[in-house]
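# Observations on chain architecture
Single-letter residue listing:
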Amino acid sequence: MSDHAFAPEERDALYKAIFSRRDVRGQFAPDPVPEEVLTRVLTAAHHAPSVGFMQPWNFIVVQDPAVKAQIHADFSQANEEEAALFTGERKALYSRLKLEGIREAPVNLCITCDRERSGPVVLGRTHIPTMDLYSCVCAVQNLWLAARAEGLGVGWVSILHEDRLREALGIPERIVPVAYLCLGYVSHFHETPELEKAGWRNRLPLEDLVFRDRWGGTT
Ligand SMILES: Cc1cc2c(cc1C)N(C[C@H](O)[C@H](O)[C@H](O)COP(=O)(O)O)c1[nH]c(=O)[nH]c(=O)c1N2
């Protein structure tokens, strides 16, 4: 027991957000996301941990249907390319999956990483230079959980060509687009991951993933 633990109902609320968060692709409602709600989830993202407190992220809020259409067109091509890598039943199943909600979601959000945000030497990034990118992923997860608590669905779309995403959003060379997200209110949240429901892949047992003291070792 810790004096610093949340009250039981607060703790339960946090776990509820974690376990009921879903990747949302197909159930977006057209209702607009109020600015104050968007600001709250962006503030949650901005309070993520970051290497050397670098805060390397920017948030590009995309609402223009023309920009969304451009990105969706790239998704369609990338999706065909990915589908071609599977064969037989797997390919047929892949083709049935809905893997984005770019046009339906009222807000799209690109979270980027400015790798030069705080000068060439960053506390904690010297020996593992990808730490700034991982920091941006922490921001994504904060946003994803806060959005769930707000009743907003979030879907991550990575079936995109990075160069075309850069071009569509005017992202300069030194900035890395880390995540392209679709965000909006939803008709419902699925109870289990859609990929699990569709028979693509199941959640692995935790005990197969936890090692003690060394890789693959047992105590
Ligand atoms: C880095 C990264 C990239 C992607 C995803 C996630 C992450 C973390 N996911 C969502 C992914 O399929 C989903 O998280 C898992 O299937 C588990 O489901 P829940 O998120 O628990 O609903 C995802 N989903 C999708 O439909 N299209 C996509 O391009 C991607 N890309």
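In this text the structure is predicted, and so the values were computed from the model without any measurement. (Residues numbered from 1 in each chain as written. Predicted model: local features only at pLDDT ≥ 70, side-chain atom pairs only at ≥ 80, totals over all residues. Heavy atoms only, no water.)

### Some thoughts on the overall build of the chain
If you tally the helices and strands in the chain, you get seven helices and four strands. Reported as C-alpha extents along the three principal axes, the dimensions of the chain are approximately 50 × 45 × 40 Å. Out of the 219 residues in the chain, the part that is buried amounts to 41%. Look at the contacts in the chain between residues 6 or more apart in sequence, and 81% of them connect residues 24 or more apart. If you sum the accessible surface of the chain, you get close to 13,200 Å²; carbon and sulfur atoms cover 56% of it. One finds the centroid of the 24 positive side-chain charges in the chain at a distance of 3 Å from the centroid of its 30 negative side-chain charges. (Helix = DSSP H or I, 4+ residues; strand = E, 2+ residues; numbered from the N terminus. Buried < 20%, exposed > 50% of the residue type's maximum accessible area, 1.4 Å probe, protein only. Contact = heavy atoms within 4.5 Å. Areas by Shrake-Rupley, 256 points an atom, 1.4 Å probe, with all protein chains shown as cover. Lys, Arg positive; Asp, Glu negative; His and termini not counted. Charge placed at Lys NZ, Arg CZ, Asp CG, Glu CD.)

### What about the packing of helix α2 (residues 35-46) against helix α5 (residues 131-149)?
Contact geometry for α2 and α5: axes closest at 7 Å, N-to-C directions at 145°. Viewed along their axes, α2 and α5 form a crossing whose handedness is right-handed. On α5, the residues touching V41, L42, A44 and A45 of α2 are A139, N142, L143, A146 and A147. (Axes fitted to C-alpha atoms, helices over the stretch in contact; angles between N-to-C directions. Left-handed = near helix turned anticlockwise from the far one by under 90°.)

### Some thoughts on the site of the ligand
Neighbouring the ligand are R21, R22, D23, R25, L99, W156, V157, S158, I159, P193 and L195. Contact between the ligand and R21: an oxygen atom at 2.9 Å from a side-chain N or O atom of the residue. Judged by its atoms lying within 2 Å of the grid points, the ligand is housed in the second largest pocket. (Near = heavy atom within 4 Å. Polar contact = N/O pair within 3.5 Å; in protein donor to acceptor, adjacent residues only side chain to side chain. 1 Å grid on protein atoms, 1.4 Å probe; cavity = no way out; pocket = protein on both sides within 12 Å on 5 of 7 lines; lining within 4 Å. Sits in = over half its atoms within 2 Å of the grid points.)

### A short note on the layout of surface pockets
Considering only enclosed or pocket space, the largest pocket measures out at about 420 Å³ in volume. Surrounding the largest pocket, 13 residues form its lining, R21, R22, P193, E194 and R203 being those nearest its centre. At the level of secondary structure, the elements contributing two or more residues to the lining of the largest pocket comprise α1 (8-20) and α7 (194-197). At three residues, the largest contribution of residues to the lining of the largest pocket is made by α7. (Points joined across faces, edges and corners; volume = space filled by probe spheres on them.)

### Considerations on the pairing of strand β4 (residues 175-185)
Along β4, ten of the eleven residues are buried, which leaves the element largely enclosed by surrounding structure. In this structure, strand β2 (residues 107-114) lies alongside β4, joined through eight bridges in antiparallel fashion. Bridge assignment links V107 to a residue of β4, and that residue is L183. (Pairing = 2+ DSSP bridges.)

### A look at the UniProt feature "domain: Nitroreductase" (unreviewed entry) in the chain
UniProt feature "domain: Nitroreductase" (unreviewed entry): in the numbering of this structure it lies at residues 19-185. Helix makes up 41% of residues 19-185 and strand 18%, whereas the separation of the span's terminal C-alpha atoms amounts to 18 Å. (UniProt positions renumbered as here; feature names shortened; annotations may be inferred.)

### Considerations on the side chain of D74
Its place among the elements puts D74 in helix α3 (residues 65-83). Polar contacts involving the side chain of D74 include one to the side chain of H161, which spans 2.5 Å.

### Considerations on unusual backbone geometry
At Q55, a position not held by glycine, the phi torsion is positive, near 45°. Note that Q55 resides in the loop between α2 and β1 (57-62).

### Focus: a nonpolar patch on the surface
Where nonpolar side chains cluster on the molecular surface, the patch consists of F6, L14, Y15, I18 and F19 and spans about 530 Å² of accessible area. With respect to the helices, strands and loops of the structure, F6 is situated in the segment before α1. (Patch = residues over 30% accessible without salt bridge, like charges linked within 9 Å, V, L, I, M, F, W, Y side chains within 5 Å. Salt bridge = Lys/Arg side-chain N within 4 Å of Asp/Glu carboxyl O.)

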